[in-house]
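# Geometric and topological summary
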Amino acid sequence: MTIQLPDSKGGLRAYEPRPEPLAVTPGSPFTSRTVFSAAHVVADPYADVSPDSPAAVDWDATLAFRRHLWSHGLGVAEAMDTAQRGMGLDWAGAAELIRRSAAEAKAVGGRIACGVGTDQIAAGSLVEVRTAYEEQLALVEESGAQAILMASRALAAAANGPEDYLEVYGHLLRQASEPVILHWLGPMFDPALDGYWGSSDLDAATDTFLDVIAAHPDKVEGIKVSLLDAQREIDIRRRLPQGVRCYTGDDFNYPELIAGDEKGFSHALLGIFDPLGPLAAEAVRVLDTGDVAGFRALLDPTVELSRHLFQTPTRFYKTGVVLLAWLAGHQSHFTMVGGLQSARSLPHLARAYELADGLGLFPDPKLAEERMKTLLALYGVTQ
């Protein structure tokens, strides 16, 4: 059986779906790397909302997906940009997500870290930015989750230079009760973060970022670098104080960064490990045995899918992530908070289906095919 998929030139081409999924099974946490999947939220498709309304979340399906990730040994990075933080999910929704997911993690013994930002304010003074960060940090710590200090649009707008970042982050790190993960999210993920750390010159910004860490190494458990620049991540990784981990956020180059070299390696905190969860977990378990070649053999073929999902404009990668969750049977619909299911074209979605199917990511390939045909029919593509 074949399915007719649209191509980028306005035509159709026949594709024969894979008959069987990749064989993977749940397993225990990893020994050689710490790996987080930044997880998406499942919208409530029956909620009568507009794109400007507060997010309506299907909590049962959202938490079920987190249990799926934990069952494969992955940690969950909660309320990050993959969860549409600042792109449909407001602070009230994120706070509820953090509380519910942290409680679920405690109940099932799953590892969780949660995003701390300033999205309860659109803009403000440095004092107001710091206060917003403090409110979110308190909630995450009260939930029992590890904190991830995310980049702040409000801070990017309010800061006059590197010294403002040093002051705000220094205050937060002194206040944190446990070591945190610092997250540097590049402007390809959020254009409002251009010039973060006080400069659009990445070398100067890197120096400021490392100055923050060097001043508080006891309060920084790790960093997440999301710049889609493998060499820069390696350079930063080699300059970190002893004991501070690097979590790759590079959805273009993650296999080589996680594998590492003779001078070190990156752990992982990745949005692509939402759809790749079981396969990624299988690969890391192979790496746990010391088999780097086997790890690369499993994970390298996934990069084409990841680069496709994260292509420019990168911030809309969530649409492909949610499409694949629907096709894989993790949710009953292809709906997103804020209506972002419309953010990618049909040829883009069709290619995402084809690449994911080729990797064997769908537990039930027939279900995925039927759902993809339903989506195609809505666009007027007949089979």
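Below you will find a few notes about this structure.

What counts as what
- Residues numbered from 1 in each chain as written.
- Predicted model: local features only at pLDDT ≥ 70, side-chain atom pairs only at ≥ 80, totals over all residues.
- Heavy atoms only, no water.
- Helix = DSSP H or I, 4+ residues; strand = E, 2+ residues; numbered from the N terminus.
- Contact = heavy atoms within 4.5 Å.
- Axes fitted to C-alpha atoms, helices over the stretch in contact; angles between N-to-C directions.
- Parallel < 35°, antiparallel > 145°, perpendicular 65-115°, else oblique.
- Left-handed = near helix turned anticlockwise from the far one by under 90°.
- Nonpolar A, V, L, I, M, F, W, Y, C, P; charged D, E, K, R; others polar.
- Expected span 1.5 Å × (residues − 1).
- Buried < 20%, exposed > 50% of the residue type's maximum accessible area, 1.4 Å probe, protein only.
- Arc of directions from axis to C-beta.
- Salt bridge = Lys/Arg side-chain N within 4 Å of Asp/Glu carboxyl O.
- Phe/Tyr/Trp six-rings, centres within 6.5 Å; stacked < 30°, edge-to-face > 60°.
- Lys NZ or Arg CZ within 6 Å of the ring centre and 35° of its normal.

## Brief notes about the side chain of Gln136
Its place among the elements puts Gln136 in helix H3 (residues 126–143). Not counting residues up to four positions away in its chain, the partners in contact with Gln136 are Arg85, Trp91, Gly115, Val116, Gly117, Thr118, Asp119 and Gln120.

## As for the packing of helix H12 (residues 317–327) against helix H13 (residues 346–359)
At their nearest, the axes of H12 and H13 sit 10 Å apart, and the two run at 55° to each other. As far as their axial angle goes, H13 and H12 are oblique. Handedness of the H12/H13 crossing: right-handed. Taken together, the residues of H13 that come into contact with H12 (itself represented by Thr319, Leu323, Leu324 and Leu327) are Leu349, Ala352, Tyr353 and Ala356. Partitioned by chemical class, the residues of the contact of H12 with H13 number seven nonpolar, one polar and no charged.

## A few points about H3
For H3, with 18 residues, the first-to-last C-alpha span of 26 Å sits near the 26 Å given by 1.5 Å per residue. Along H3, the residues that are buried comprise Val129, Ala132, Tyr133, Gln136, Leu137, Leu139 and Val140. The buried residues of H3 occupy an angular sector of 160° when projected down its axis, which confines them to one face. Opposite the packed face of H3, turned more than 90 degrees from it, sit the exposed residues Val127 and Glu142. Structurally, H3 contributes buried residues whose contacts are with helix H2 (91–108), strand S5 (112–116), strand S6 (146–149), helix H4 (153–158) and helix H5 (162–175). Looking one or two residues past H3, Gly144 carries a phi angle of roughly 90°, positive in sign.

## Brief notes about the pattern of salt bridges
Oppositely charged side chains can form a pair if their charged atoms are brought close together. Considering all chains together, one arrives at 19 salt bridges under this definition. Arg66 is the partner of Glu78 in a salt bridge, and the nearest nitrogen-oxygen pair spans 2.4 Å. You can see Glu78 sitting in strand S4 (residues 75–78) and its partner Arg66 sitting in helix H1 (residues 59–71), a full twelve residues away along the chain. Glu78 gets classed as buried once you look at its relative accessible area, which sits at 0%. You can call Arg66 buried: its relative accessible area is 0%. A salt bridge links Arg153 to Asp190; the shortest N-O distance between them is 2.6 Å.

## Examining the packing of H2 against H3
Relative orientation of the contacting elements H2 and H3 amounts to 20°, with a least axis distance of 9 Å. The angle between H2 and H3 falls in the class roughly parallel. Both H2 and H3 take part in a crossing whose hand is right-handed. Residues Trp91, Ala95, Ile98, Arg99 and Ala102 of H2 lie in contact with H3, whose contacting residues are Glu135, Gln136, Leu139, Val140 and Ser143.

## Overview of the packing of aromatic side chains
Scanning the entire structure with this criterion turns up 16 aromatic pairs. For the pair Tyr15 and Tyr353, a centre-to-centre distance of 6.0 Å together with 85° between the ring planes defines the contact as edge-to-face. Of this pair, Tyr15 sits in strand S2 (residues 12–15) while Tyr353 sits in helix H13; the two residues are 338 residues apart in sequence, bridging distant segments of the chain. Tyr15 sits in the buried class, given a relative accessible area of 13%. A relative accessible area of 0% means that Tyr353 is categorised as buried. Plain terms: the ring middles of Phe189 and Phe310 are 6.2 Å apart, the flat faces sit at 70° to each other, and that makes the pair edge-to-face. Of the two residues, Phe189 sits in the loop between strand S7 (180–185) and helix H6 (202–215) while Phe310 sits in the loop between helix H11 (303–309) and H12, which places them 121 residues apart along the sequence. Residue classification places Phe310 among the buried residues on the basis of a relative accessible area of 0%. Clustering of aromatic rings is evident, with ring pairs tying together Tyr133, Tyr165, Tyr169, Trp184, Tyr196, Trp197 and Phe209. Note that Arg33 overlies the ring of Phe265, its terminal NZ or CZ placed 3.5 Å from the centroid.

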